[in-house]
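Now for the letters of each chain:
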Amino acid sequence: MIRSLVSSAVAGLVGYTATRAILNSKLRTHDKVVRTNHAGNDVSLVEGPAVTAGLVAGSLLIEEPRQRAATLLVTTVSGGLGAVDDFLESGDSKGLRGHLEALSRGEITTGAIKVIGIPMASIAAATILRTGRNNHGLFSSHRTTAAQTWWGSTVDVVVTGGVIAGTANLFNLLDLRPGRALKAGLLTLAFMPHRHGLTWAPGAAIAGASTAAWPDDLDGAVMLGDTGANALGAALGTILVENSTAKQRALVLTGLVGLTLLSEKVSFTSIIESTPGLREIDAFGREVV
């Protein structure tokens, strides 16, 4: 419990201090940092690096070595590649399909680097997490050959990595209105089952960083951007995969793939705003514009 409280406090303090420092500096108005949001107002991307820094600082206090290493890996890489796409953006491609089409033409955009890099880091993190598991993935049984064990382990690593990368991408898709991604993260933490030593400290880091970012994000002054949204989603995805069975991870991955494909066809915002309950949760704490 003490470790979790410290993790939350550290994540929140680092994230809040970084945000305040940048917002009070000339960097706040730099062209690379300012974006125009859905309401036509200028919004700063400084929240992303600040939240990522908070998540990394809080994750250093995760007790289990494998989970700590995996969380730090995907959070740092996802946030770092998100920052490349935020601040060094190249090409006009948007969305997963756009980046993949650009790659097919031999055009390497910052978004394409992120599309490749985050899954690779997620697979590496999944491999780290896999080394401590006692199950044999989706195809475990009492009698398994060496080949079956290898295949089951490989599939489980791919599925696990897919969940981490998919969650990072989903949170990026949600970061289109003030507070939406932060709310999704906090609600997921609130409703998932928790286990001492497994979810408390990493969950506390996410809660601390999100809570510190809440006022400025809901106010529309700052936004997570790819940097913060990818890092937040990756950190949460690491908790999800460690706190689930192989079959549950497969179901979650199926859902994430479905949502990603759906996002290429329809607007999440239109779905949320037309759905009672979701509409009110999404609007809570901010003005509806």
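Residues numbered from 1 in each chain as written. Predicted model: local features only at pLDDT ≥ 70, side-chain atom pairs only at ≥ 80, totals over all residues. Heavy atoms only, no water.

Here we look at the pattern of salt bridges
Using the criterion set out here, one finds 8 salt bridges in the structure. Across the salt bridge formed by Asp156 and Arg249, the nearest N and O atoms sit 3.0 Å from each other. Of the two residues, Asp156 sits in helix α6 (residues 146-174) while Arg249 sits in helix α10 (residues 246-263), which places them 93 residues apart along the sequence. Residue classification places Asp156 among the buried positions, given a relative accessible area of 0%. It is possible to trace a salt-bridge network through shared partners that takes in Glu64, Arg66 and Glu242. (Salt bridge = Lys/Arg side-chain N within 4 Å of Asp/Glu carboxyl O. Helix = DSSP H or I, 4+ residues; strand = E, 2+ residues; numbered from the N terminus. Buried < 20%, exposed > 50% of the residue type's maximum accessible area, 1.4 Å probe, protein only.)

Some details on the nonpolar core
Of all hydrophobic cores here, the largest spans 38 residues; its most connected members are Leu55, Ile206, Leu224 and Leu232. Contributing elements (two or more residues each) for this core: α2 (47-59), α3 (65-87), α5 (110-130), α6, α7 (180-191), α8 (200-218), α9 (225-242) and α10. Top element by residues in this core is α6. It accounts for 9 residues. Aside from chain neighbours lying at most four places away, what touches Leu232 is Leu55, Phe171, Ala181, Leu182, Ile206, Ser210 and Leu224. One finds Val33, Leu45, Val46 and Ala221 within the second-largest nonpolar core, a separate group that totals 8 residues. (Core = buried A, V, L, I, M, F, W, Y, C linked by side-chain atoms within 4.5 Å. Contact = heavy atoms within 4.5 Å.)

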